[in-house]
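The chain contents come next:
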Amino acid sequence: MKKIVLFSFFLMLLSCNNKKLTEVVEVPLPAAEEKLIIGNPDDVKADEGEFELKKLPYSYDALIPHIDAATMEIHYSKHYLAYTNNLNKALASEEETDLTIEEILAKMDMKNTSLRNNAGGYYNHNLFWENIAPKAGGQPKDTLASSIKRDFGSYANFESAFKDAANKQFGSGWAWLVTDKTGKLQITTTSNQDNPLMPMAEIKGFPILALDVWEHAYYLNYQNKRAKYIDAFFKIINWKKVQERYEEAIKN
């Protein structure tokens, strides 16, 4: 026993002399994983102004596993809330404040960066929230299904083309399915918070389906894997709401 102690002491002296003594620090094992506490979207309120938040029609965790609760909460209660509050601030300096959001977008001065970004962000997210839902997905039915087949050849062709456009959108932006002035369905993309209602849109039309490809829409779960996020989006598309918007478009 004495020999073992002396040998250990000798090793310590040797390490000290060589200035290579290693300090050992005990690190406690991680505690049991805490349960994620998420808020209630009904508790999120915008500042008083011309426009109010669109109520989220489901809880933050309702879209799991396709979109996680934390991403939904941050997306709705931080990003979307900021667009709404900033839109109302931007409108405070405008002469016309009794316009609908669609009228504001159609008359947009594209050089008015603050109004352009925040009016777009507000409208785009309003549509995005209703475009997705729990226990949704599948394929469209009725007149919309027939029109997709008419304009794209098949639903599979449409899905492939939409996903391709969303994946190829450089940087942050949106992918859209719109009804143009002739009643034809078209796929288009826009940068940042622009949309097909704005004067400078490459393809103008009435949006019926919107996919947010900003990083804040998928960063916690999918990180840089945009293609996987787009695949997941198709599993939660609320085709009933898309159909309603399509019927509204062709009626007008």
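Look up: the structure comes first, before these words.
Residues numbered from 1 in each chain as written. Predicted model: local features only at pLDDT ≥ 70, side-chain atom pairs only at ≥ 80, totals over all residues. Heavy atoms only, no water.

Points about the pattern of salt bridges
Phase 1: A full pass over the atoms with the stated rule returns eight salt bridges.
Phase 2: Residue Asp-194 pairs with Arg-116 through a salt bridge whose shortest N-O separation is 2.7 Å. Of the two residues, Asp-194 is situated in the loop between β2 (185-191) and β3 (206-212) and Arg-116 in helix α4 (residues 113-131); the sequence distance between them amounts to 78 residues.
Phase 3: Exposure remark for Asp-194: the relative accessible area of 14% places this residue in the buried category.
Phase 4: With its nearest N and O atoms 2.7 Å apart, the salt bridge here joins Arg-150 to Asp-151.
Phase 5: The network of salt bridges with common partners includes Lys-54, Glu-130 and Arg-245. (Salt bridge = Lys/Arg side-chain N within 4 Å of Asp/Glu carboxyl O. Helix = DSSP H or I, 4+ residues; strand = E, 2+ residues; numbered from the N terminus. Buried < 20%, exposed > 50% of the residue type's maximum accessible area, 1.4 Å probe, protein only.)

Observations concerning helix α7 (residues 226-233)
Phase 1: Buried within α7 we find Arg-226, Tyr-229, Ile-230, Ala-232 and Phe-233. Along the axis of α7, the buried residues cluster in a sector spanning 160°; they form a single face.
Phase 2: Where α7 is buried, its residues contact α4, α6 (155-168) and β3. (Arc of directions from axis to C-beta. Contact = heavy atoms within 4.5 Å.)

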